[in-house]
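Topology and contacts: notes
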Amino acid sequence: MIEFKIIKSSKKSKARLGILKTENGEIKTPSLVPVATQAVVKTLTSEEVLETKTQVLICNTFHLHLRAVSNLHKFMNWPKPLMSDSGGFQVFCLGFGQDHNVGKILKSKGNKTISHGQQPKSLKITDRGVFFKSPIDGRQLFLGPKESIRRQEALGADIIFTFDECTSSLADKEYTEKSLEKTHNWAEQCLQLKKTKQALYGIVQGGKYEDLRQKSAKTIGSMDFDGFGIGGEFGDDKRKLGKTLAIVNNELPYQKPRHLLGIGYPEDIKLIVAQGIDTFDCTVPTHYARRGIAFTPEGRLNLNQMKYSKDKKPIDRDCRCSVCKNYSRNYITHLLRAKEITALRLLTFHNLYYFNTLVEKIREDIENDKL
RNA sequence: UCCGGUGUAGCUCAAUGGUAGAGCAAUUCGCUGUUAACGAAGAGGUUGCAGGUUCGAGUCCUGCCACCGGAG
């Protein structure tokens, strides 16, 4: 059960300022949703995550399915709102994504394409669902709309998602179109199957094809979901992302919350908010932290680099997080070079705080008619 | 002083007398609903020094130097 209130709609853009109420508290939107795939923000405790201004986390049904986890809030000691992703992204990243060694956003041109009828090497996609091979023990494991919803009900997140197929950026139009029919069909089934009061978001797909995006948004948008996820790839440049979101959001019911799945870098956030996105999850702050990258107003700092080993400044002079207050760049560089895991903890903490502060400023910008 | 051993990339070590390699480190790059404290690439050499044997020497021979161990 959620309630979404739009407090203010921008006159300068399609941005909205809102409050998303759940049984576990409110989310001021727009909001970042940090990723806690395995019921943990990697390297941090839930108490530490609370200190990063994080309002809500997203866990993953596929990974937690493997571990037979349930009752997430209690399990991970997270008192605030939670989302759970359906496992649909794993259909891509453990399938064609792995086969072709590509992310969901295509960087290089001239690759092979995926056409209708093709199957990934290590999983099988059928009309009923997907056969996976467990990365833990190789055991075969099936996830379809029913299995995903049942698992997500057991996990008990406040907001859950329909089981979808996130298509590869290499998928051709026919493949994407057929996949979309399946995703729509699964969405309908998820809606029928859900028995709990959890909010269910339907996921819009369609890849880089604008007509398919519009069709998907119309279809999913007309179903009785509590909110909407927008998934898949959006082409390889930011203008395309903005345009796709414009097309999709134009079709979705205005009053319901919209979640953009798996975007973005700091430079993406203003753009997606200006297109009317209310929440968005992204691994970037936490993932890059574990690669030694700190985000700052000047851009990304690669603290692995020797040049920071004598730099006594904090990561970001203007950041008020406890890492920037107490530690210097050269300390973190030292920890990274010494392979001390605390480096990853400090960077994860800072990056989350930094991203959340960035989004907080964006909310203020909407409030003050600057965005 | 004598005897023995070892000297090859920054480090640890490979290389039947036939184009000197690997791992780690260092450097640079990549990462957008996390199989990810990951992955990729380039760079790095007068093989301790000086001679000799040989078509050809990291490898065999001689001398020297350095380090390690043992004896005194």
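For the structure given in this document, a descriptive report is provided here. (Residues numbered from 1 in each chain as written. Chains lettered and ligands numbered in written order. Predicted model: local features only at pLDDT ≥ 70, side-chain atom pairs only at ≥ 80, totals over all residues. Heavy atoms only, no water.)

**Structural notes on the overall build of chain A**
Secondary structure summary: chain A contains 13 helices and 16 strands in total. For chain A, the C-alpha radius of gyration of 20 Å lies close to 21 Å, the compact-globule estimate for 371 residues. Seen through its C-alpha atoms, chain A measures out along the principal axes to roughly 55 × 50 × 45 Å. In chain A, which comprises 371 residues, the share counted as buried stands at 57%. When the accessible surface of chain A is split by element, carbon and sulfur atoms take 48% of a total near 16300 Å². Between the averaged position of the 59 positive side-chain charges in chain A and that of its 42 negative side-chain charges there is a distance of 4 Å. (Helix = DSSP H or I, 4+ residues; strand = E, 2+ residues; numbered from the N terminus. Rg over C-alpha atoms; globule rule 2.2 N^0.38 Å. Buried < 20%, exposed > 50% of the residue type's maximum accessible area, 1.4 Å probe, protein only. Areas by Shrake-Rupley, 256 points an atom, 1.4 Å probe, with all protein chains shown as cover. Lys, Arg positive; Asp, Glu negative; His and termini not counted. Charge placed at Lys NZ, Arg CZ, Asp CG, Glu CD.)

**Here we look at the pattern of salt bridges**
Inspection of every chain in the model, using the stated rule, returns 16 salt bridges. The partner of Arg139 in a salt bridge is Asp137, with the nearest N and O atoms 3.3 Å apart. Across the salt bridge formed by Asp311 and Lys313, the nearest N and O atoms sit 3.3 Å from each other. A relative accessible area of 10% places Asp311 in the buried class. Under the relative-accessibility criterion, Lys313 is labelled partly exposed at 34%. The network of salt bridges with shared partners includes Glu210, Lys240 and Lys243. (Salt bridge = Lys/Arg side-chain N within 4 Å of Asp/Glu carboxyl O.)

**A short note on the pairing of strand S6 (residues 82–85)**
By the alternation rule, side chains of S6 split into Leu82 and Ser84 and Met83 and Asp85, which are all buried. Where strand S5 (residues 57–60) and S6 come together, four bridges link them in parallel fashion. Pairing of Asn60 across the sheet is with Asp85, part of S6. Bridge count for S6 against strand S10 (residues 159–161) is two bridges, and the pairing is parallel. Paired with Met83 across the two strands is Ile159, which belongs to S10. (Pairing = 2+ DSSP bridges.)

**Considerations on the packing of aromatic side chains**
Counted by the stated rule, this structure contains twelve aromatic pairs. Ring geometry for Phe161 and Tyr201: centres 5.3 Å apart, planes at 70°, overall edge-to-face. Note that Phe161 is positioned in strand S10 and Tyr201 in strand S11 (residues 199–204), a separation of 40 residues in sequence. Pair check on accessibility: Phe161 and Tyr201 agree, each one buried. Seen in terms of ring centroids, Phe163 and Trp186 are 5.0 Å apart; in terms of plane orientation they differ by 35°. Their pairing is tilted. Remark: Trp186 occurs in helix H6 (residues 173–193) and Phe163 occurs in the loop between S10 and H6; sequence separation between them is 23 residues. This pair shows no difference in class: Phe163 is buried, exactly as Trp186 is. Clustering of aromatic rings is evident, with ring pairs tying together Tyr265, Tyr288, Phe295, Tyr354 and Phe355. (Phe/Tyr/Trp six-rings, centres within 6.5 Å; stacked < 30°, edge-to-face > 60°.)

**Overview of the nonpolar core**
Core analysis: the largest hydrophobic core is formed by 92 residues, its most contacted members being Leu72, Met76, Leu260, Ile272, Leu303 and Ile315. Tallying contributions element by element places helix H13 (residues 342–367) first for this core, with twelve residues. Filtering out sequence-adjacent residues up to four positions away, Leu72 remains in contact with Ala39, Cys59, Leu64, Asn77, Leu82 and Leu155. Formed by 15 residues, the second largest nonpolar core is a distinct cluster that contains Ile2, Val33, Tyr201 and Ile203. (Core = buried A, V, L, I, M, F, W, Y, C linked by side-chain atoms within 4.5 Å. Contact = heavy atoms within 4.5 Å.)

**So, helix H9 (residues 266–274)**
Burial in H9 covers these residues: Pro266, Asp268, Ile269, Ile272, Val273 and Ala274. In this fold, the buried residues of H9 make contact with helix H8 (238–251), strand S13 (258–261), strand S14 (279–282), strand S15 (293–296) and H13. Taken from the residues just after H9, Gly276 is the one with a positive phi, measuring 90°.

**Examining unusual backbone geometry**
Following Thr29, the chain continues to Pro30 via a peptide bond in cis, the omega torsion being 0°. Its place among the elements puts Pro30 in the loop between strand S3 (25–29) and strand S4 (31–34). One non-glycine residue, Lys53, lies in positive phi territory at about 70°. The topology assignment puts Lys53 in the loop between helix H1 (46–50) and S5.

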